[in-house]
Amino acid sequence: MRKMTGTAAAVALAAAVLGACGGGSDGSAAMTELGEGEGAVNIVAWAGYVEDGSTDPNVDWVTGFEQETGCEVNYKVGNTSDEMVELMQSGEYDVVSASGDATLRLIAGGDVAPVNTDLIPNYADVFDGLKNQPWNSVDGQSYGVPHGRGANVLVYNTEAGAAPSSIVDMFSADSPYAGKISVYDAPIYIADAAIYLMATQPELGITNPYALDQDQFDAAIAALEAQKPLVGQYWSLYTDQQAALESGSVTLGTSWQIIVNLAQANGAKIDATIHAEGATGWSDTWMISSKAKHPNCAYMWMNHIISPQANAGVAEWFGEAPSNAKSCALTADPNHCKVFHADDEEYFSNVFYWTTPTSKCLDGRTDVECVPFSEWVNAWNKLRA
Amino acid sequence: MLAPPLAWLLVVYVGSLVLLVAGAFFSLDEFTGKVTSQTTLSNLDEAFTEPAYWSLVARSIGVAALVTAICLAIALPVAFYVAKIAGPRAKRALIVAMLLPLWSGYLVKAFGLRAIVEPGSGGRDGGLLASLTGWSPGFGYPAVIATLAYLWFPYMLLAVHAGFERLPDTLVDASSDLGAGSLRTFRSVIVPVLVPSIAAGSIFTFSLSLGDYITVKIVGGTAQMIGNIIERALLAPNQPLAAAFTLWPIGIMVAYLWTMGRLGAFENL
Amino acid sequence: MRLSRTARVALRAATWAVLGLLYLPLLLVFILSFNSARSLAWPPRGFTTHWWATFLDVESARAALWSSGRIAFVAMALAVVLGTMLSFALQRHDFFGKAPISLLAALPIALPGIVTGVALRNTFVRFGWDLGFLSVVAGHATFCIVVAHNNVVARLRRISPNLREASADLGATPRQTFGLVTWPLIRSAVFAGAILAFALSFDEVVVTTFTAGAGTSTLPQWILNNFSRPNVLPYVTVVATLMLVVSLPVAWLAQRLSEGSRD
């Protein structure tokens, strides 16, 4: 900490007194038995995870749940993992569909409670490869139920030339898509730049895009600065990118399968691929707030959303691999699980799941300090300012 | 009489602002994103010494000033016509007609503008402008400025109109009797009388534009203003840094209000 | 007023042109509410009344409308009471600190909504108050006070103090003077301020975003959350158009009320 001036110290002291309350609560123990529903459940989730028929009348796994349990679902879309962490810190929400770059932050901050998986009958059917993973469990204690996983895709306009296959098209100055590139507007996107550097500047020695020492990090930021003139859109609202893809104002970008599906359904001439260099991706976990006001409804929701039917519905709607093994028999497209590599651990070993970078390098290096996520955030903000 | 409103403003509002500003002096747990009890000046350092943020702030002020200038340039002749030339019936109709858009919803108007400037490309349909003229400014600062000017214009119009209402016709006639042309009368007689009203109107156009971040999201494309960076820091989540950033608009607006107050704006709000 | 014919015609033309421009985006939203395509692209691909026929089925929109109305009403009442009290206090007495206080009242509207919103959210969360109906009302009332205050103080300033003195000289108590002299003179200004406060609250986006918790959604929130969802977008244009149609008589009323004052 720096030396402070008298006034600043006084102000800070006053604030410390005023703000003494708050801070992380102790991670309360998991529930031991399920009671009556509380009549409502407040959910933060990725777009497309909580569909009540308002997007598409045929896509609805909320109404039935509400009727069955009496828990009215209030749903807020989190556009980025960071936004989800902020919303969960407010203590207003009961459940969150957290990706790996949010889960450990939420656990460490005491914002989510351990989950008693015995109270969630459908947990038994979850793929073993997803249970007790470092992003959803601590010391063998589960903090949530796996939802599904997938890779961020490279979306492209099919009329803009030959299909791209490399992440280089997203960053190189002579990219045929220059000026019409669409970039995910979140600090975690710095990892994509790191993947680009892994392919183009192997001498930097990056092996894990979330474990960047200062030199590697600076190189990634430089690549993003150089990318800026090529960028036509930074999106955080998925519908913004969808609209841009439909209008043709962007022709290449990092995307999610759901966006591709929705835009295609509206007639956009686009398709998606995964670039050869390996992609970032996610493995999501449904977690319950440590301050949940509707814990019983929250458990009911967690059980419902990983039930074979609902899990299949979300997986197909969002375009990801489901977590429930029984879901694969229920998807409208019988090949869905195959196409999205549901139980293909080999495939997912090439996907870099979103993870929160820490000072202690995630790739196991001990001779250097890595750049922690808070610095990623500041660098991204500066880049976007 | 004074106690309840003053207590509300001081305790609920100023109290919150003070807490917010005080929050800027705390450090953040680098992993959980929670505010710790350690004090630090690094947030202020980040918010006030980074050239990237200076240019952002300068840009935001520029946008707000341009919006105000545009609103003023359009409001002056229109308000003059409504207040001084239009007949009583037409006047009432015009006032109501110009007020009405204020009531139609911020988002409705912003998306209406989006429907106008939406660029089309690759043979696909764009918005109204692209479709009719083949040209559109697209999403970016010009669209942001146009939208903000459209949104806040009625405030400026109302203020300037109120100023004209207070301006005696005889003063204008006297000026022309003394041989001044329309422009000269406008510059030397009308504008000076209007200064407090213009100042009052500009408080709305300037401040509402300065802190806006939703219009920027809707029609701004890759554009960013102060409000966006505050939102970013907040959602990071980095509450202390967000608090540090809010000192920019707070400082700018206090200075602006003070200046406009000197011009008599508060007697004419 | 004397003015050359050319100048008159030019000003008239400019005024009507501006008026046209003010309505163009609104008209566009109206037209797009009958668009069979779910996009903002021009021209519309086809005509349909489907969205109008079915929008009442959208439960979330109805709920948001109801909650917006309640929030705006309570915030308005609170703001009018506080704003009117402030006006009387500042108009009647001269004291040191008067100017800073009017500045203070204007601050919530002069500072960007995001600053007010973040500050209030921070306070509410820190002290463990639930974010919901009451926190939104508190936020809205804070920036609505100045609107009510400005309307009333402007009217008070126009009322000659002689009237009150005369009333007192004729033996009226302060209460009678207020009821028989002052109130009838300021009534319309109070109502006009109330309408403006209601409108301001009804339309507010930013402070609401930060002070509303889970489960509280106002109409602007609903529009913001749904406008970018292509499949709901047509309903948003319908709701927006409805807001336009409803606002017409209200704006007219507010204008009538403040006109009533001008002698």
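Residues numbered from 1 in each chain as written. Chains lettered and ligands numbered in written order. Predicted model: local features only at pLDDT ≥ 70, side-chain atom pairs only at ≥ 80, totals over all residues.

Draft legend 1. Molecular detail of the overall build of chain A. Summing up its helical and strand segments, chain A has 14 helices and 15 strands in all. What you see for chain A is a C-alpha radius of gyration of 21 Å, in line with the 21 Å of a compact globule of 385 residues. Seen through its principal axes, chain A has C-alpha atoms that stretch 65 × 60 × 35 Å. Considering only contacts within chain A whose residues lie at least 6 apart along the sequence, 71% involve residues at least 24 apart. (Helix = DSSP H or I, 4+ residues; strand = E, 2+ residues; numbered from the N terminus. Rg over C-alpha atoms; globule rule 2.2 N^0.38 Å. Contact = placed C-beta atoms within 7 Å.)

Draft legend 2. Region of interest: the overall build of chain C. Looking only at helices and strands, chain C features 11 helices and 0 strands. Taken over the C-alpha atoms alone, chain C extends approximately 75 × 65 × 30 Å along its principal axes. Buried residues in chain C amount to 51% of all 263 residues. (Buried ≥ 20, exposed ≤ 12 C-beta atoms within 10 Å, placed from the backbone.)

Draft legend 3. How the structure looks around the packing of helix α1 (residues 3-23) of chain B against helix α5 (residues 113-126) of chain C. At a minimum axis separation of 8 Å, α1 of chain B and α5 of chain C run at an interaxial angle of 85°. One way to sum up the angle between α1 of chain B and α5 of chain C is to call them roughly perpendicular. Note on element contacts: α5 of chain C touches α1 of chain B through Val118, Ala119, Leu120, Asn122, Thr123 and Arg126 of chain C, opposite Gly15, Ser16, Leu17, Leu19, Leu20 and Gly23 of chain B. Grouping the amino acids of the contact of α1 of chain B with α5 of chain C by side-chain chemistry returns 6 nonpolar, 5 polar and 1 charged. (Axes fitted to C-alpha atoms, helices over the stretch in contact; angles between N-to-C directions. Parallel < 35°, antiparallel > 145°, perpendicular 65-115°, else oblique. Nonpolar A, V, L, I, M, F, W, Y, C, P; charged D, E, K, R; others polar.)

Draft legend 4. Here's a closer look at the sheet that holds strand β9 (residues 181-184) of chain A. Residues and elements named next belong to chain A. An order of β10-β9-β11-β8-β12 is seen for the 5 strands of this open sheet, with the pairing classed as mixed. Sheet topology places β10 (231-235) and β12 (270-273) at the edges, where each strand pairs with a single neighbour. The sheet shows a mean angle of 25° between the axes of neighbouring strands, direction not considered. Pairing of β9 with strand β11 (residues 252-255), which is carried by 2 bridges, proceeds in the parallel orientation. Paired with Ile181 across the bridge in β11 is Leu252. (Pairing = 2+ DSSP bridges.)

Draft legend 5. Structural detail: the interface of chain B and chain C. Contact with chain B, which involves 77 residues of that partner, is made by 68 residues of chain C. Examining the composition of the side of chain B that touches chain C, we find that 13 residues originate from one element, α1 of chain B, more than from any other. Classifying every residue of the side of chain B that touches chain C by side-chain character gives 50 nonpolar, 18 polar and 9 charged.

Draft legend 6. Broad picture of the confidence of the model for chain C. Looking at chain C as a whole, the pLDDT averages 84, with 93% of positions reaching at least 70. Note on the complex model: pTM 0.86, ipTM 0.86. (pLDDT = per-residue confidence, 0-100.)

Draft legend 7. Representation of the domain arrangement of chain A in the model. All names here are of chain A. Once the domains are mapped, chain A shows domain 1 (37-149 + 283-343) and domain 2 (153-255 + 356-384). Each of domain 1 and domain 2 has a C-alpha centre, and these two points are 27 Å apart. The interface of domain 1 with domain 2 comprises 8 residues on the first partner and 7 residues on the second. Looking at the side of domain 1 that touches domain 2, the elements with two or more residues in it are α3 (81-89) and α4 (100-108). By residue number, the principal contributor to the side of domain 1 that touches domain 2 is α4, which donates 3 residues. Residue composition of the side of domain 1 that touches domain 2, by class: 2 nonpolar, 3 polar and 3 charged. (Domains from an automatic or database assignment.)

Draft legend 8. Up close: the pairing of β12 of chain A. All names here are of chain A. Only one face of β12 is covered, namely the one carrying Ile270 and Ala272; the face carrying Asp271 and Thr273 has none of its residues buried. Two elements, strand β8 (residues 153-157) and β12, share 4 bridges in a ladder whose sense is antiparallel. By the bridge assignment, Val155 is partnered in β12 with Ala272.

Draft legend 9. Summary view of unusual backbone geometry. Here the amide bond leading from Ala236 of chain B into Pro237 of chain B is cis, since omega sits at -10°, within 30 degrees of zero. Its location among the elements puts Pro237 of chain B in the loop between α11 (226-235) and α12 (239-262). Positioned with a positive phi, Asn132 of chain A is a non-glycine residue whose angle comes to about 50°. Tracing the chain through its elements places Asn132 of chain A in the loop between β4 (112-113) and β5 (137-138). Take Asn132 of chain A: there are 14 C-beta atoms within 10 Å of it, and that puts it in the partly exposed class. The backbone of Asp139 of chain A sits at a positive phi, close to 50°, despite the residue not being glycine.

Draft legend 10. Region of interest: the nonpolar core. Residues Trp301 and Met302 of chain A, Ala75 of chain B together with Ala79, Cys144 and Ala197 of chain C are the most contacted members of the largest nonpolar core, which totals 307 residues. Take this core: its biggest share by element is 17 residues, from helix α3 (residues 51-85) of chain B. Here this core gathers at least three residues from each of two domains, domain 1 (37-149 + 283-343) and domain 2 (153-255 + 356-384) of chain A. When neighbours within four sequence positions are excluded, Ala75 of chain B is seen to be in contact with Phe153, Met156, Leu157 and Val160 of chain B. (Core = buried A, V, L, I, M, F, W, Y, C linked by C-beta atoms within 7 Å.)

Draft legend 11. Examining helix α5 (residues 106-117) of chain B more closely. All names here are of chain B. An ideal rise of 1.5 Å per residue puts 16 Å on 12 residues; α5 measures up with 17 Å between its terminal C-alpha atoms. Of all 12 residues in α5, 12 are buried; the element is thus mostly enclosed. Listing the buried residues of α5 in full gives Tyr106, Leu107, Val108, Lys109, Ala110, Phe111, Gly112, Leu113, Arg114, Ala115, Ile116 and Val117. (Expected span 1.5 Å × (residues − 1).)

Draft legend 12. Looking closely at the environment of Thr182 of chain C. Residue and element names in this part refer to chain C. Along the polypeptide, Thr182 turns up in helix α8 (residues 174-203). With 42 residues separating them along the chain, Thr182 and His140 place their C-alpha atoms 28 Å apart. Other than its neighbours up to four places away in sequence, Thr182 contacts Arg164 and Thr177.

Draft legend 13. Spotlight on the pairing of strand β1 (residues 40-45) of chain A. All names here are of chain A. With 5 of 6 residues buried, β1 is to be regarded as a mostly interior element. By the bridge criterion, 6 bridges tie β1 to strand β2 (residues 72-77) in an arrangement that is parallel. Bridge assignment links Ala45 to a residue of β2, and that residue is Val77. Between β1 and its parallel partner β2, the chain crosses via helix α2 (residues 63-69), and the hand of that crossover is right-handed. (Right-handed = clockwise from strand over helix to strand, strands pointing away.)

Draft legend 14. Region of interest: the packing of α1 of chain B against helix α3 (residues 59-92) of chain C. Running from N to C, α1 of chain B and α3 of chain C cross one another at 115°; their axes reach a closest spacing of 8 Å. Between α1 of chain B and α3 of chain C the crossing geometry is left-handed. Counting all contacts with α1 of chain B, which are made through Pro4, Pro5 and Trp8 of chain B, the residues of α3 of chain C involved are Leu82, Gly83, Met85 and Leu86 of chain C. Its residues assigned to classes, the contact of α1 of chain B with α3 of chain C comprises 6 nonpolar, 1 polar and no charged. (Left-handed = near helix turned anticlockwise from the far one by under 90°.)

Draft legend 15. Main features of the environment of Ile230 of chain B. Take Ile230 of chain B: it is sitting in helix α11. On the basis of neighbour counts, which here come to 26 C-beta atoms within 10 Å, the residue Ile230 of chain B falls in the buried class. Through-space distance from the C-alpha of Ile230 of chain B to that of Pro77 of chain B is 37 Å; in sequence the pair is 153 residues apart. With residues near it in sequence (within four places) discarded, Ile230 of chain B still touches Ala242, Phe245 and Thr246 of chain B together with Ile114 and Val118 of chain C.

Draft legend 16. How the structure looks around the environment of Tyr210 of chain A. All names here are of chain A. Turning to its location among the elements, Tyr210 is positioned in the loop between α6 (190-200) and α7 (214-227). Note on Tyr210: 26 C-beta atoms within 10 Å, which makes it buried. On a C-alpha basis, the gap between Tyr210 and Leu362 in space is 7.0 Å, while along the polypeptide they are 152 residues apart. Among all residues touching Tyr210, those that are not within four sequence positions of it are Ala191, Thr355, Pro357 and Leu362.

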